[in-house]
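Listed below are the residues making up each chain.
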Amino acid sequence: MELLSLLFMSSCFLTLSGLTFGDQSGTSVIVREGDDAILPCSLGTNENIEHVRFDWTKNGTEKEVYIHDTGVDRSPALPGRVSHFPDDLQHGNASIRINKVQPGDGGNYTCDFPSRRKTFRIKLVVDSVLKVRNDPGAAEPHVTSHDQTNVGVLLQCDVKNAHPKPTVEWWDSNNQIPSEKPQVSEQRGRFNITLKATVEKSGRYRCVAKQEEIKHQAQKEINVHIYGK
Ligand SMILES: *[C@@H]1O[C@H](CO)[C@@H](O)[C@H](O)[C@H]1NC(C)=O
């Protein structure tokens, strides 16, 4: 019994020390070009590392990205663009922020605590908006109508994942008709737009989406029948 628990404990210890001194790996951070990147690195022990040296390097030791030492911090490879989080140092957290990432900032970063023999690897992927620009998303409207109320019928037009940003309009057979303020959201350079309009007369209505930059226009029609007017 004694021997078994001793064996069990020593195998736990081996596992733990393997984790402690081995390389930690597998974190990827994806950031859109022009945004700030936070590269995470934490000892996980909650110890105060204000006076503990840590080095951030890129692509092996090719570039010194950030050196925190007792005294002055330096960022030789990216001067003025890298900072740590002072409040988080007290909890063993050596994460850094890189301002306004550029495509050239992508790569494999290493966060190293030489005195603890601990190394963490973080991959930074820069998602370039340029790629989105070269790869347009043609706007395709999708139309629906809601139940008739005492003010008429509410028509809804949705355009999803469009790039560049389209204009969206509601038309009757001849003219553009008044609509509500469009709801616009953007994610990674792709636009989602919802445009609603209330109509009081029966007829044929169409939602028109245009992207002048790529000479694209698309429309969807809907038949509306208003009862009792
Ligand atoms: C470390 O600090 C950064 C920046 O404040 C934060 O985003 C991250 O979640 C922290 N990590 C841990 C493990 O606390």
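*Asks:* Before we go on, may I ask you to explain the state of the cysteines in this structure?
*Replies:* A disulfide bridge is the covalent bond that connects two cysteines by way of their sulfur atoms. Summed over all chains, the structure comprises two disulfides. Across the disulfide, C157 is cross-linked to C207 (sulfur-sulfur distance 2.0 Å). Measuring handedness by torsion sign, the sulfur bridge of C157 and C207 sits at about -75 degrees and is left-handed. A residue pair is termed long-range when its members are at least 10 positions apart, and C157 in strand β10 (residues 153–162) and C207 in strand β14 (residues 203–211) qualify at 50 residues. Residue C207 is classed as buried on the basis of its relative accessible area of 0%. For the protein chain, the bonded cysteines pair up as 1-2, 3-4 when numbered in the order they occur along the sequence.

*Asks:* Where do I start with the environment of V208 in this structure?
*Replies:* On the secondary structure map, V208 appears in strand β14. The class for V208 is buried, based on a relative accessible area of 3%. Distance from V208 to K220, taken between C-alpha atoms, is 6.9 Å for residues twelve residues apart in sequence. Dropping the residues within four chain positions of it, V208 is found in contact with T167, V168, E169, W171, Q217, A218 and Q219.

*Asks:* What exactly am I supposed to notice about the nonpolar core here?
*Replies:* Note on soluble globular proteins: their nonpolar side chains tend to be buried together. Core analysis: the largest hydrophobic core is formed by 26 residues, its most contacted members being L39, W56, F113 and L124. Of all elements in the fold, only β1 (23–32), β2 (37–39), β3 (54–58), β4 (63–68), β6 (96–98), β7 (107–113) and β8 (118–127) reach the threshold of two or more residues within this core. A per-element tally of this core places β8 first, with four residues. Sequence-distant contacts of L124, defined by excluding residues within four places in its chain, comprise V29, V31, A37, L39, I98, V101, D105, G106, G107 and Y109.

*Asks:* Please explain the packing of aromatic side chains as it appears in this structure.
*Replies:* Pairs of aromatic rings are described using the distance from one ring centre to the other and the angle between the two planes. Counting across every chain of the model gives two aromatic pairs. Ring geometry for F54 and F113: centres 5.8 Å apart, planes at 55 degrees, overall tilted. Taken together, the positions of F54 in strand β3 and F113 in strand β7 put the pair 59 residues apart, joining distant regions of the chain. Ring geometry for F113 versus F120: centroids 6.2 Å apart, planes at 80 degrees, classification edge-to-face. Neither residue differs from the other here; F113 and F120 are each classed as buried.

*Asks:* Would you mind going over the site of the ligand with me for this structure?
*Replies:* In the neighbourhood of the ligand, the contacting residues comprise S42, F85, D88, N93 and S95. One of the side-chain nitrogen or oxygen atoms of D88 is found 2.6 Å away from an oxygen atom of the ligand. Contacts to the ligand include N93, whose side-chain N or O atom sits 2.4 Å from an oxygen atom. Isolated, the ligand exposes 360 Å² of accessible area, and the fraction of that covered by the protein chains is 47%. Partitioning the shell around the ligand into residue classes produces one nonpolar, three polar and one charged.

*Asks:* I keep staring at the pairing of β10 and nothing clicks. Help me out?
*Replies:* For a regular strand, side-chain orientation follows a simple rule: the groups alternate between the two sheet faces. For β10, the tally of buried residues reaches seven of ten residues, placing the bulk of the element in the interior. Pairing of strand β9 (residues 141–145) with β10, which is carried by five bridges, proceeds in the antiparallel orientation. Of the residues in β10, the one forming a bridge with H142 is D158. Strand direction decides the pairing type here: β10 and strand β13 (residues 190–199), joined by eight bridges, are antiparallel. Along β13, the bridge assignment pairs C157 with L195.

*Asks:* Honestly, the pattern of salt bridges in this entry has me stumped. Any pointers?
*Replies:* Two side chains that carry opposite charge are able to pair once their charged atoms sit near each other. According to the stated counting rule, one finds seven salt bridges in the structure shown. D36 serves as the salt-bridge partner of R97, at 3.9 Å between the closest nitrogen and oxygen. One end of the pair, R97, is in strand β6; the other, D36, is in the loop between β1 and β2, and 61 residues separate them in sequence. Given a relative accessible area of 36%, D36 falls into the partly exposed group. Of the charged contacts, one joins E221 and R204 as a salt bridge, the two residues approaching to 2.8 Å between their closest N and O atoms. You can see E221 sitting in strand β15 (residues 216–224) and its partner R204 sitting in strand β14, a full 17 residues away along the chain. On the accessibility criterion, E221 (41% relative accessible area) is partly exposed. R204 gets classed as partly exposed once you look at its relative accessible area, which sits at 46%.

Reading the values: rules and limits
- Residues numbered from 1 in each chain as written.
- Predicted model: local features only at pLDDT ≥ 70, side-chain atom pairs only at ≥ 80, totals over all residues.
- Heavy atoms only, no water.
- Disulfide = S-S within 2.5 Å.
- Helix = DSSP H or I, 4+ residues; strand = E, 2+ residues; numbered from the N terminus.
- Buried < 20%, exposed > 50% of the residue type's maximum accessible area, 1.4 Å probe, protein only.
- Contact = heavy atoms within 4.5 Å.
- Core = buried A, V, L, I, M, F, W, Y, C linked by side-chain atoms within 4.5 Å.
- Phe/Tyr/Trp six-rings, centres within 6.5 Å; stacked < 30°, edge-to-face > 60°.
- Near = heavy atom within 4 Å.
- Polar contact = N/O pair within 3.5 Å; in protein donor to acceptor, adjacent residues only side chain to side chain.
- Areas by Shrake-Rupley, 256 points an atom, 1.4 Å probe, with all protein chains shown as cover.
- Nonpolar A, V, L, I, M, F, W, Y, C, P; charged D, E, K, R; others polar.
- Pairing = 2+ DSSP bridges.
- Salt bridge = Lys/Arg side-chain N within 4 Å of Asp/Glu carboxyl O.

Any functional reading would require information that these geometric values do not contain.
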